[in-house]
Amino acid sequence: MVQFEVPPIVPADPQANITDLLAERVKKTPQLALFAVPEGEGWRDVTATEFQRQVIALAKGFVAATVDEVCAAAGVTAFVQPGGSQRDAEVIAAADAAGAAMLLTGTRHFRH
């Protein structure tokens, strides 16, 4: 897995929740692309709504299944996680096997 580290452009609010940010984006611009993923000979845009569906599908099965099973079943092509787990190498390998892109941020994304 190729790893890239880029400093944030905007400082993160320690009280912010990434799920709230995504929900706000879906309300404001549901059909605008958040990012693009390689598909066939080109690239396919992933809208805010589509990404939210993928996040929800991943979250529902993440605890009970392995990353590769969840990614394949839900059609997930990319996801974000904080990293820092004892199982990072295993999770990265599973994402690679599923063909999913993973962004390791070093920041916790969900409150629980």
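As shown above, the structure is provided for reference.
Read on for an overview of the structure. As the structure is a computational prediction, the values presented were derived from the model and not from experiment.

Quick notes on the overall build of the protein chain
On a plain count of helices and strands, the protein chain comes out with four helices and four strands. Each helix and strand of the protein chain, placed in order from N terminus to C terminus, yields the pattern α-β-β-α-α-β-α-β. By residue count, 24% of the 112 residues in the protein chain fall in the buried class. Residue pairs at least 24 apart in sequence account for 38% of intrachain contacts in the protein chain once pairs closer than 6 positions are excluded. Counting only carbon and sulfur atoms, one obtains 59% of the accessible surface of the protein chain, whose full area is about 8,100 Å².

Observations regarding the pairing of strand S1 (residues 33-39)
Sheet topology note: the S1/strand S2 (residues 42-47) ladder contains six bridges and is antiparallel. From the neighbouring strand, alanine 36 faces S2, where its bridge partner is aspartate 45. Following S1, the chain reverses through two residues before pairing antiparallel with S2; glycine 40 in that reversal takes a positive phi of roughly 60°.

Some remarks on the pairing of strand S3 (residues 78-81)
One ladder, built from four bridges, connects S3 with strand S4 (residues 101-104); its direction is parallel. Counterpart to valine 80 in the pairing with S4 is leucine 103.

Looking at the environment of phenylalanine 4
By the element assignment, phenylalanine 4 lies in the segment before helix H1 (18-28). Expressed as a C-alpha distance, the spacing of phenylalanine 4 and threonine 105, which sit 101 residues apart in the sequence, is 9.9 Å.

A few points about the nonpolar core
Counting nine residues, the largest nonpolar core is built from Leu58, Cys71, Val76, Phe79, Val91, Ile92, Ala95, Ala100 and Met102. When residues in this core are grouped by element, the largest group, three residues, is from helix H4 (residues 88-98). Ignoring any residue separated from it by four or fewer positions in sequence, one finds methionine 102 in contact with Met1, Phe79, Gln81, Val91, Ile92 and Ala95. Within the second largest apolar cluster, six residues are counted, among which are Val26, Val46, Ala48 and Phe51.

Here's the deal with the pattern of salt bridges
Tallying each qualifying case throughout the model produces three salt bridges. Note that glutamate 24 is salt-bridged to lysine 28, the shortest N-O span being 3.3 Å. On the criterion of helical spacing, the pair formed by glutamate 24 and lysine 28 is a turn pair, its members being four residues apart in helix H1. Owing to a relative accessible area of 61%, lysine 28 belongs among the exposed residues under this scheme.

Things to note about the side chain of glutamine 54
The topology assignment puts glutamine 54 in helix H2 (residues 48-62). Since its relative accessible area comes to 5%, glutamine 54 is described here as buried. Apart from residues no more than four positions distant in its own chain, glutamine 54 is found in contact with Gly75, Val76, Thr77 and Ala78.

About the criteria used
Residues numbered from 1 in each chain as written. Predicted model: local features only at pLDDT ≥ 70, side-chain atom pairs only at ≥ 80, totals over all residues. Heavy atoms only, no water. Helix = DSSP H or I, 4+ residues; strand = E, 2+ residues; numbered from the N terminus. Buried < 20%, exposed > 50% of the residue type's maximum accessible area, 1.4 Å probe, protein only. Contact = heavy atoms within 4.5 Å. Areas by Shrake-Rupley, 256 points an atom, 1.4 Å probe, with all protein chains shown as cover. Pairing = 2+ DSSP bridges. Core = buried A, V, L, I, M, F, W, Y, C linked by side-chain atoms within 4.5 Å. Salt bridge = Lys/Arg side-chain N within 4 Å of Asp/Glu carboxyl O.

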